[in-house]
Protein chains: 2
Amino acid sequence: MKIDSVDMYYLAMPEVLDIGDGSQDMVLVRVRAGDWTGWGECEASPLPTIASLVGPMSHSACHPVIDSVLGQKLESIQDIGRISDEVRARSLDVLQTDHALSGIEIALWDLFGKSVEQPVYELLGMWGTGAPVGKTPYASALFGDTAHETFEKARSAMSQGFRAVKFGWGPYGRTTVDADADQVHAAREGLGPDGILLVDAGTVWGDDVAVAESRLPALMEADAVWLEEPFVSGALQSYANLATKSGNVKLAGGEGAHTRFTAEHMIDHGGVGFIQIDTGRIGGIGPAHEVWKYAHARGVQFVNHTFTSHLALSASLQPYAGSSSDWLCEYPVELKPLARNLTSNHIELDSDGTIRPPQAPGLGMDLDLDAVREYLVDVEITVAGKTLYRTPELTQ
Amino acid sequence: MKIDSVDMYYLAMPEVLDIGDGSQDMVLVRVRAGDWTGWGECEASPLPTIASLVGPMSHSACHPVIDSVLGQKLESIQDIGRISDEVRARSLDVLQTDHALSGIEIALWDLFGKSVEQPVYELLGMWGTGAPVGKTPYASALFGDTAHETFEKARSAMSQGFRAVKFGWGPYGRTTVDADADQVHAAREGLGPDGILLVDAGTVWGDDVAVAESRLPALMEADAVWLEEPFVSGALQSYANLATKSGNVKLAGGEGAHTRFTAEHMIDHGGVGFIQIDTGRIGGIGPAHEVWKYAHARGVQFVNHTFTSHLALSASLQPYAGSSSDWLCEYPVELKPLARNLTSNHIELDSDGTIRPPQAPGLGMDLDLDAVREYLVDVEITVAGKTLYRTPELTQ
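What you see as residue numbers is a count from 1 along each chain, following the sequence as written. Lettering for chains starts from A, numbering for ligands starts from 1, and both go in the order in which the items are written. Predicted model: local features are reported for residues with pLDDT of at least 70 only, side-chain atom pairs are reported and counted for 80 or more only, and whole-chain, interface and lining totals are derived from all residues. Calculation of side-chain values draws on the structure's entire complement of heavy atoms; hydrogens and water are dropped beforehand.

(A) The arrangement of the interface of chain B and chain A in detail. The interface of chain B with chain A comprises 57 residues on the first partner and 57 residues on the second. Together chain B and chain A conceal approximately 4100 Å² of surface at their shared face, both sides included; 58% is due to carbon and sulfur atoms. Each salt bridge in this description consists of a side-chain nitrogen of Lys or Arg and a carboxyl oxygen of Asp or Glu lying within 4 Å of one another. Across the chain B-chain A interface, the total number found is two salt bridges. Residues adjacent in sequence count toward polar contacts only when both atoms are side-chain atoms; beyond that, a polar contact is any pair of N or O atoms within 3.5 Å, and within protein one must be able to donate a hydrogen and the other to accept it. The tally of links from chain B across to chain A stands at 25 residue pairs in polar contact (both at pLDDT 80 or more). Of the residues forming the side of chain B that touches chain A, the biggest block, six residues, is contributed by helix H1 (residues 46-54) of chain B. Any residue outside Ala, Val, Leu, Ile, Met, Phe, Trp, Tyr, Cys, Pro, Asp, Glu, Lys and Arg is labelled polar, Gly included; the first ten of those are nonpolar and the last four are charged. Of the residues in the side of chain B that touches chain A, the class split is 26 nonpolar, 18 polar and 13 charged. Only strands that DSSP links by at least two bridges are regarded as paired with each other. The helix count covers DSSP runs of H or I at least four residues long, the strand count covers runs of E at least two residues long, and both are numbered beginning at the N terminus. Sheet topology places strand S12 (residues 379-383) of chain A next to strand S12 (residues 379-383) of chain B; five bridges connect them, and they run antiparallel. Bridge pairing in S12(B) links Glu380(A) to Thr382(B). Between two residues, a contact is recorded if the distance between any of their heavy atoms is within 4.5 Å. When two parts are brought into contact, each loses some accessible area as probed by a 1.4 Å sphere; the total of that loss over both is the buried area.

Put into structure tokens, the structure is as follows:
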């Protein structure tokens, strides 16, 4: 079959707030080939992503992304890799390309999986016909304004059945070492001795190792499993330096990686113990799976990064679905209606408290377009009198 | 003063060809503050760049770039760094941000330099009031289809007064080791024994070290100064591996770097001997200057990457203008009329065959807007019934 159409949709909640909630809007991608339709989602800012899909060519390494996808043959999973390579080469100098490609690549896997009636994780070829391994989801919460509030949040998450909670942002890292220690100890107290504690510093220390190091004793005492993003993601020397001092508290990072190389550099030169990959940013499922293989061979754990719909969640679980040594996963728990209602089925906690992607063809998610049509944003882009993009009709 | 306006203009030749010529279109940036106007250029695909300037917020790390610039105080060069930091933080997850920021940051330096009547290179603070050091420009040429054609091209460049020529792309790396050797030897023959020979492989070998290594003997025999981009820019291990084998032929790369970290990783982990930085991509003059310092301290030579107007050329020379140990520069010689005519003054070869940025306030370039107005592209972007962007009037 050949790729007949590639469409991007910008959907958004009526009001988008200035908070760290990635479920407030989305770039939904529909790809059609022959009798089949696949869906994907870019974890990206919608307008620049649409612009990179259709923006006029600047020169031979600045093609619109759609030019390297439309009309392509799609008869094997190798074709997905080949199309992605062409996009990356022909749109090399359009920085937004990797984010646009991500949703398209995911849709190609979904489409191809449906056409051959296989889940994507089986197409990835390492798990035979076995079921994917259940992952322990962690609930993401903001640190409370006070340590007591954090304690209450931790208790609440445990009472909802979570075994792992990640606290981040809020006041953490912004005041004193003692205040941060109080927060971390309160979290541990609220979780009890068996809860899995993860801490996210949200790049608050830039690249300052000494400031980050001053937080380590409390994290070690509270038995935190990881310290996420102490530094901006490019500060590999700071990561590597802190990693030599953090003992059992492993460093985690990688959500911003938009190529597999960026993620591999964090493993090779940043000393991370957990590599966090968003398939909606890194170029899709193929590159994420490559990073999983790379990490696995080096004793680094792979974890998804997901903060939007269950379509994106299924895509983000596929690259490491069958790996029992990579046992954690991010599970967005407070989705806006747009992200929640995009799919009519959802990836819910199993009776053992773990989650796994659907055992169904492609990504295994059923889209409920009627439920989200009200969030569709009308966009029109005209260049030199020619309309390059107008929001297409949202249909299956 | 406060930043009163930030405007982006998309200009393009009537016909943009599918060739590696970056001078066919441009993103021109005008910033106004108080009585002053500054100009910059993004080395970027215009439509996604404009979209990242104005695209609606997705969440707290996905603001439109303009939101972090408009209304800001601009009273010192520290303010330029502070504004850039805010842009990078508040638009962290908009991948296109670094390219949009680059042109804005360059315009801020131009504006501030004019307001205090100092060239940008003096504001960078390392060269006192001395004149910038002349750089030896290299002419960029494509390898000929035949070795004889390459020989003729080399002779022609030398007869035009160039002391250095870079050959790249064309058939190089795409056929046999012997054919590539013939090309390289022909280039050397055309240049004569004293010409400086640079070779650009244009990432043709992906990350395959063995294939690249097979080209080294000819490059060594022909005394090539550098081998540029044997691999895609993320393939640091391949770079590092080849660097141990390439002897006097240094590796060069970095033009794709959109953060200073990416460039620093090529130095730390890729073993490059030359780091090639485009100020129009890396976030502007400040980050490029940081990379120069980083490279200088490690014995790596800094070289600009420039393939468009002399406004961009001036910006790209500022970060290392006063450094005598970094003696080469890229000098675009076959500009399209748009890029050539944007400025009424030009950076020409001095009597000693070198070039240097103008000894004048800011970037020292005078824009001739009347000469390029015919190339202005009308763009209109409407989101949810609101016009977010319409090509502004092109005025000083």
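Having seen the structure, we can now continue with the description.
(B) Quick look at the relation of the copies chain B and chain A. Superposition of chain B onto chain A requires a rotation of 180° combined with a translation of 0.0 Å along the rotation axis, giving an RMSD of 0.0 Å. Taken together, the rotation and translation describe the operation of a two-fold axis. Mapped onto chain A, 100% of the interface residues of chain B are again interface residues, and the two copies thus contact each other with one and the same surface. Fitting of the copies onto one another was done by least squares over C-alpha atoms, counting residues only where both copies have pLDDT of at least 70.

(C) Seen up close, the side chain of His265(A). With respect to the helices, strands and loops of the structure, His265(A) is situated in helix H10 (residues 260-270). A polar atom in the side chain of His265(A) sits 2.8 Å from the backbone oxygen of Gly234(B).

(D) Seen up close, the packing of helix H5 (residues 147-159) of chain A against helix H6 (residues 177-191) of chain A. All names here are of chain A. Angles here are taken between N-to-C directions and fall from 0 to 180 degrees, while the axes themselves are lines fitted to C-alpha atoms, restricted in helices to the stretch in contact. Taken N-terminus to C-terminus, the directions of H5 and H6 make an angle of 30°; their axes are 7 Å apart at the nearest point. If you check the angle between H5 and H6, you find them roughly parallel. Along this stretch, H5 crosses H6, giving a crossing that reads as right-handed. Contacts between H5 and H6 involve Ala147, Thr150, Phe151, Ala154, Arg155 and Met158 from the former and Asp182, Gln183, Ala186, Ala187, Glu189, Gly190 and Leu191 from the latter. Its residues assigned to classes, the contact of H5 with H6 comprises seven nonpolar, three polar and three charged. Here the angle decides the label: under 35 degrees means roughly parallel, over 145 means roughly antiparallel, 65 to 115 means roughly perpendicular, and every other value means oblique. The crossing is said to be left-handed when, going from far helix to near helix, the turn is anticlockwise and less than a right angle, and right-handed when the turn is clockwise.

(E) Examining the packing of aromatic side chains more closely. All names here are of chain A. Between 30 and 60 degrees the pair is tilted, below 30 it is stacked and above 60 it is edge-to-face, where a pair is any two Phe, Tyr or Trp rings, Trp via its six-membered ring, whose centres lie within 6.5 Å. Enumeration according to the criterion identifies 16 aromatic pairs over all chains in this entry. Between Phe302 and Tyr320, the ring centres sit 4.8 Å apart and the planes meet at 50°, which makes this aromatic pair tilted. Linking Phe302 in strand S10 (residues 301-304) with Tyr320 in the loop between helix H12 (310-317) and strand S11 (328-330), this pair joins segments that are 18 residues apart in sequence. The buried category is assigned to Phe302, whose relative accessible area is 1%. Exposed residues in this analysis have more than 50% of their type's maximum accessible area, buried residues have under 20%, and partly exposed residues fall in between, with area computed by a 1.4 Å probe over protein chains only.

(F) Main features of helix H6 (residues 177-191) of chain B. Residues and elements named next belong to chain B. Helices are assigned an expected span. That span is 1.5 Å times one less than the residue count. Look at H6: 21 Å from first C-alpha to last across 15 residues, which is about the 21 Å you get at 1.5 Å a residue. The complete set of buried residues in H6 reads Asp180, Ala181, Gln183, Val184, Ala186, Ala187, Arg188, Gly190 and Leu191. Note on H6: the residue one or two positions beyond its end, Gly192, has a positive phi of about 80°.

(G) Geometry of the nonpolar core. Residue types Ala, Val, Leu, Ile, Met, Phe, Trp, Tyr and Cys, when buried and joined through side-chain atoms within 4.5 Å, form a set referred to as a nonpolar core. If you look at the biggest cluster of nonpolar residues, it comprises 224 residues, and the most contacted ones within it are Ile275(A), Leu28(B) and Ile275(B). In contact with Ile275(B), not counting residues within four places along its chain, are Gly253(B), Gly254(B), Ala263(B), Met266(B), Ile267(B), Val291(B), Ala295(B), Val300(B), Gln301(B), Phe302(B) and Val303(B).

(H) Focus on the domain arrangement of chain A. All names here are of chain A. Each assigned domain of chain A is listed here: domain 1 (3-118 + 368-390) and domain 2 (136-341). Here the bounds of each domain stem from an automatic or database domain assignment. If you average the C-alpha positions of domain 1 and of domain 2, the two centres end up 28 Å apart. Between domain 1 and domain 2, the contact holds 28 residues from the first and 25 residues from the second. Across the domain 1 to domain 2 interface the summed buried area is about 2100 Å²; carbon plus sulfur atoms make up 63%. Contact with domain 2 buries surface across domain 1, with Ser23, Glu41 and Glu43 losing the most and accounting together for 26% of the total. Applying the counting rule to domain 1 against domain 2 returns two salt bridges. Taken together, the links from domain 1 to domain 2 amount to 12 residue pairs in polar contact (both at pLDDT 80 or more). Each residue belonging to the side of domain 1 that touches domain 2 can be placed in one class, and the counts come to 13 nonpolar, seven polar and eight charged.

(I) View of the state of the cysteines. When the sulfur atoms of two cysteines come within 2.5 Å, that pair is taken as a disulfide. On inspection of all chains with the given rule, the structure shows zero disulfides over all chains. The cysteine Cys62(B) is free of any disulfide, with Cys42(A) supplying the nearest cysteine sulfur at 12 Å. The class for Cys62(B) is buried, based on a relative accessible area of 2%.

(J) The arrangement of the sheet that holds strand S5 (residues 164-168) of chain B in detail. Residues and elements named next belong to chain B. Overall, parallel pairing links the eight strands, which are arranged S10-S9-S8-S7-S6-S5-S4-S11 in an open sheet. Among the strands making up the open sheet, the edge pair consists of strand S10 (301-304) and strand S11 (328-330). Ignoring strand direction, the axes of neighbouring strands in this sheet form an average angle of 30°. Strand direction decides the pairing type here: strand S4 (residues 136-142) and S11, joined by three bridges, are parallel. Bridged to Tyr138 within S11 is Glu330. Sitting on the sheet, helix H5 (residues 147-159) is in contact with S4 and S5, with an inclination near 150° to S5.

(K) Quick peek at the sheet that holds strand S13 (residues 386-390) of chain A. Overall, antiparallel pairing links the four strands, which are arranged S13(A)-S12(A)-S12(B)-S13(B) in an open sheet. On the outer flanks of this sheet lie S13 of chain A together with strand S13 (386-390) of chain B, each paired with one strand and no other. Sheet twist, expressed as the average angle between the axes of neighbouring strands with direction ignored, equals 15°. Judged from the four bridges that link them, S12(B) and S13(B) form a sheet pairing that is antiparallel. Of the residues in S13(B), the one forming a bridge with Glu380(B) is Arg390(B).

(L) Seen up close, unusual backbone geometry. All names here are of chain B. A positive phi angle, near 55°, is found at Trp169, a position not held by glycine. The topology assignment puts Trp169 in the loop between S5 and H6. Judged by its relative accessible area of 44%, Trp169 falls in the partly exposed class. Phi is positive for Asp223, close to 60°, though the residue is something other than glycine. On the secondary structure map, Asp223 appears in the loop between helix H8 (216-221) and strand S7 (226-228).

(M) Spotlight on H1(B). Burial analysis of H1(B) places nine of its nine residues in the buried class, the great majority of the element. Buried within H1(B) are the following residues: Pro46(B), Leu47(B), Pro48(B), Thr49(B), Ile50(B), Ala51(B), Ser52(B), Leu53(B) and Val54(B).

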